[in-house]
Amino acid sequence: MKIAVDRVREGLEDLARFGGTPGEGVSRLVFSPADLLGRAYVKERMKGAGLNVSEDAIGNIFGTLPGTEPELAPVWTGSHIDTVLRGGRFDGMAGTIGAIEALRAIGEAGAPHRRTLTAVAYTGEEPSVFGIGCLGSRAMAGVLDLETAKAVKNEAGKSLYDTLAELGYDVDRLDAVRRKPGDVYAAIEMHIEQGPKLERSGCRLGVVTDISAPAYFNVWVEGLQSHAGGTSMADRRDAFAATAEISMVLERLVKEAKSVYATGTIGRVDVTPNALNVIPGRVHFTIDIRNTSDGSTGEILAALSEEMKRIERERGVKVRMQTINRDLPVHCEDGMQDLLAGICERRGIPFKRLISGAFHDSMFVGAFAPISMLFLPSRDGVSHCPEEWTSYEDVALGAEVLAEALLVKANE
Ligand code: GLV
Ligand code: MN
Ligand code: MN
Ligand code: MN
């Protein structure tokens with residue numbers, strides 16, 4: 001199966017125009033005007049590739065290539081097209097355009113397949129707008145219900161429910177988005193690595209073993225706002241100093257975690273009043289923990305809670321923590337890992353097996369179907385930035401391996 005590099009380049013460059021600014025990367029937040037244009041483009045490109053297009057109540061887009069036995073559960077492949085602010089043109093898009101091009105090539109070659117093949121563009125993978133990610137695949141897994149859709153809001157206070165309703169989606173039928181085990185035979189997502197391992201090892205493709213899952217939290221620290229000079233070091237109840245200590249504790253606990261892979265990040269800190277000569281009285285911050293083992297996340301959280309109690313006592317502050325979401329890590333099915341690895345070996349493509357530190361829609365698809373992921377090298381290991389880059393040749397090569405693997409699964 002040959003995938004034309006030019007077609008891959010065209011799809012990615014076309015998409016990058018929606019929300020793209022030279023030097024500033026691509027900003028295509030879910031359901032922004034740029035995202036709506038991008039979504040329309042994806043539907044048109046699917047049609048042009050000979051796929052039948054449909055959309056569900058949360059905006060997941062499906063492009064199907066019917067199999068000879070359409071009553072069999074289909075094989076899915078796809079990713080997302082929304083981005084972070086000042087993101088790149090490959091995170092999500094490589095797997096979405098790659099899926100469309102793989103299915104186009106299969107259709108054009110007339111390659112026989114019993115099962116229907118479906119290219120999917122999942123809605124809103126990035127948590128940039130509503131605070132939680134994987135909106136479309138989360139709803140498919142039944143983890144995002146009507147209540148959650150009404151509860152999660154954007155910065156302006158508008159809920160996901162209202163956003164969808166305004167756009168004309170039949171959001172009250174969100175239940176129909178849900179998939180159960182058996183509905184999908186297998187799903188393969190191609191995605192950029194967003195880390196340096198493939199490039200450093202000279203590999204052109206990666207076979208993912210596990211997807212680490214995020215647990216997100218809001219934390220509020222209440223101290224006492226007071227005069228930076230007049231209040232002695234012994235008398236102060238500094239909410240920021242307490243936050244700084246919590247951040248060092250989190251770093252230690254995550255580094256000590258007994259897990260294949262764990263990370264801890266405090267990515268957002270809002271200090272009140274945020275003034276040079278005033279002791280901070282209040283801090284709000286976020287915690288992002290990623291882990292390939294949910295048990296290990298539980299251990300980190302239990303230890304963190306004990307440490308927070310100590311910090312409260314020692315510093316005279318109050319700490320309150322609220323869970324935003326705690327998702328479950330997923331293991332990529334061994335058989336499909338071996339299938340992807342076998343194709344690479346046969347074709348002489350240098351590859352390696354690796355875990356995914358970032359989360360992906362496949363994490364939620366994994367709740368109702370066997371999943372696997374194919375990674376592409378990220379130049380300099382960076383992503384979620386304008387510098388994010390993967391060669392078009394690597395995307396096309398990945399799409400060829402993807403097409404081969406899809407045909408195997410579709411004929412099982
Ligand atoms: C999403 O891109 C994430 O892993 O943060
Ligand atoms: Mn991303
Ligand atoms: Mn992504
Ligand atoms: Mn992601």
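Residues numbered from 1 in each chain as written. Chains lettered and ligands numbered in written order. Predicted model: local features only at pLDDT ≥ 70, side-chain atom pairs only at ≥ 80, totals over all residues. Heavy atoms only, no water.

A. Spotlight on the overall build of the protein. Along the backbone of the protein there are 12 helices and 18 strands. A compact globule built from 412 residues should have a C-alpha radius of gyration of about 22 Å, and the protein, at 23 Å, falls within 12% of that. Over its C-alpha atoms, taken along the principal directions, the protein stretches across nearly 80 × 45 × 45 Å. When each of the 412 residues of the protein is scored for burial, the buried share is 54%. In the protein, once contacts between residues fewer than 6 apart in sequence are set aside, the share between residues at least 24 apart is 79%. Total accessible area on the protein is roughly 17000 Å²; 51% of this is exposed by carbon and sulfur atoms. In the protein, which carries 46 positive and 58 negative side-chain charges, the distance between the mean positions of the two groups comes to 2 Å. (Helix = DSSP H or I, 4+ residues; strand = E, 2+ residues; numbered from the N terminus. Rg over C-alpha atoms; globule rule 2.2 N^0.38 Å. Buried < 20%, exposed > 50% of the residue type's maximum accessible area, 1.4 Å probe, protein only. Contact = heavy atoms within 4.5 Å. Areas by Shrake-Rupley, 256 points an atom, 1.4 Å probe, with all protein chains shown as cover. Lys, Arg positive; Asp, Glu negative; His and termini not counted. Charge placed at Lys NZ, Arg CZ, Asp CG, Glu CD.)

B. Layout of the site of ligand 1. Every residue close to ligand 1 is listed here: Glu125, Glu126, Arg290, Ala358, Phe359 and His384. At 3.0 Å from an oxygen atom of ligand 1 is found a side-chain nitrogen or oxygen belonging to Glu126. Note that an oxygen atom of ligand 1 is positioned 3.2 Å from one of the side-chain N or O atoms of His384. The fraction of the free accessible surface of ligand 1 (190 Å²) that becomes covered by protein chains is 92%. (Near = heavy atom within 4 Å. Polar contact = N/O pair within 3.5 Å; in protein donor to acceptor, adjacent residues only side chain to side chain.)

C. Summary view of the coordination of the manganese ion (ligand 2). For the manganese ion (ligand 2), the protein coordination sphere consists of Asp91 (OD), Glu126 (OE) and His384 (NE2), at 2.0 to 2.1 Å. Expressed as a motif, the donor residue spacing for the manganese ion (ligand 2) is D-x34-E-x257-H. Separation of the manganese ion (ligand 2) from the manganese ion (ligand 3) amounts to 3.6 Å, with Asp91 serving as a shared donor to the pair. Here the residue Asp91 occupies a position in the loop between strand E5 (75–80) and helix H3 (93–109), and His384 occupies one in the loop between strand E18 (371–376) and helix H12 (392–410), the gap between them amounting to 293 residues. For Asp91, a relative accessible area of 5% corresponds to the buried category. Residue His384 is classed as partly exposed on the basis of its relative accessible area of 40%. (Donors = N, O, S within 2.8 Å, 3.2 Å for Na, K, Ca; no water.)

D. Focus on the UniProt feature "binding site: Zn(2+) 2" (unreviewed entry) in the protein. Under the UniProt annotation, the feature "binding site: Zn(2+) 2" (unreviewed entry) is placed at Asp91, Glu126 and His384. A maximum C-alpha distance of 10.2 Å is found for the annotated residues, which run over 294 residues; spatially they form one tight group. With near-sequence residues (within four places) excluded, Asp91 lies in contact with His80, Asp82, Glu126, His191, Ile192, Gln194, Ser383, His384 and Glu388. A polar side-chain atom of Asp91 sits 2.9 Å from a polar atom in the side chain of His191. Within the secondary structure layout, Glu126 lies in the loop between strand E6 (117–122) and helix H4 (135–140). The class of Glu126 is buried, set by a relative accessible area of 4%. Leaving out residues up to four positions away in the same chain, Glu126 has contacts with His80, Asp82, Thr83, Val84, Asp91, Ile132, Gly133 and His384. (UniProt positions renumbered as here; feature names shortened; annotations may be inferred.)

E. Region of interest: H12. Given a rise of 1.5 Å per residue, 19 residues ought to cover 27 Å, and the 26 Å separating the end C-alpha atoms of H12 matches this to within 8%. Among the 19 residues in H12, 16 count as buried, and that is most of the element. (Expected span 1.5 Å × (residues − 1).)

F. Quick peek at the nonpolar core. If you look at the biggest cluster of nonpolar residues, it comprises 55 residues, and the most contacted ones within it are Leu12, Val42, Ile106, Leu117, Leu205, Val395 and Leu406. At 12 residues, the largest contribution of residues to this core is made by H12. When residues no more than four places from it in sequence are discounted, the contact partners of Val395 are Val8, Leu12, Phe90, Ala94, Met190, Leu376 and Thr390. The next biggest cluster of nonpolar side chains, apart from the first, holds 46 residues, and it includes Ala57, Phe130, Leu164 and Cys332. (Core = buried A, V, L, I, M, F, W, Y, C linked by side-chain atoms within 4.5 Å.)

G. Spatial organisation of the environment of Lys47. With respect to the helices, strands and loops of the structure, Lys47 is situated in helix H2 (residues 33–48). Since its relative accessible area comes to 48%, Lys47 is described here as partly exposed. Each C-alpha atom of the pair Lys47 and Val5 lies 19 Å from the other, and the pair is 42 residues apart in sequence.

H. Broad picture of the UniProt feature "binding site: Zn(2+) 1" (unreviewed entry) in the protein. UniProt feature "binding site: Zn(2+) 1" (unreviewed entry): in the numbering of this structure it lies at His80, Asp91 and His191. A stretch of 112 residues holds the annotated residues, and the largest C-alpha distance among them is 9.5 Å, short enough that they meet in one place. Only 3.1 Å separates the side chain of Asp91 from the side chain of His80, close enough to count as a polar contact. The exposure class of His191 is buried, given its relative accessible area of 1%.

I. The arrangement of the packing of helix H1 (residues 5–16) against H12 in detail. Where H1 contacts H12, the two axes come as close as 9 Å, and the packing angle between them is 110°. Classified by the interaxial angle, the pair formed by H1 and H12 is roughly perpendicular. In terms of crossing hand, the pair formed by H1 and H12 is right-handed. In this structure, H1 contributes Val5, Val8, Arg9, Leu12 and Glu13 to the contact, and H12 contributes Tyr392, Glu393, Val395 and Ala396. (Axes fitted to C-alpha atoms, helices over the stretch in contact; angles between N-to-C directions. Parallel < 35°, antiparallel > 145°, perpendicular 65-115°, else oblique. Left-handed = near helix turned anticlockwise from the far one by under 90°.)

J. Just the packing of helix H8 (residues 239–255) against helix H9 (residues 294–315), in detail. As a packed pair, H8 and H9 sit with axes 10 Å apart at the nearest point and diverge in direction by 150°. Taken together, H8 and H9 sit at an angle that is classed as roughly antiparallel. In this structure, H8 meets H9 at a crossing whose hand is right-handed. Contacts from Ala241, Ala242, Glu245, Ile246, Val249, Leu250, Arg252, Leu253 and Val254 of H8 reach H9 at Ile300, Ala303, Leu304, Glu307, Met308, Arg310, Ile311 and Arg315. Classifying every residue of the contact of H8 with H9 gives 12 nonpolar, no polar and 5 charged. (Nonpolar A, V, L, I, M, F, W, Y, C, P; charged D, E, K, R; others polar.)

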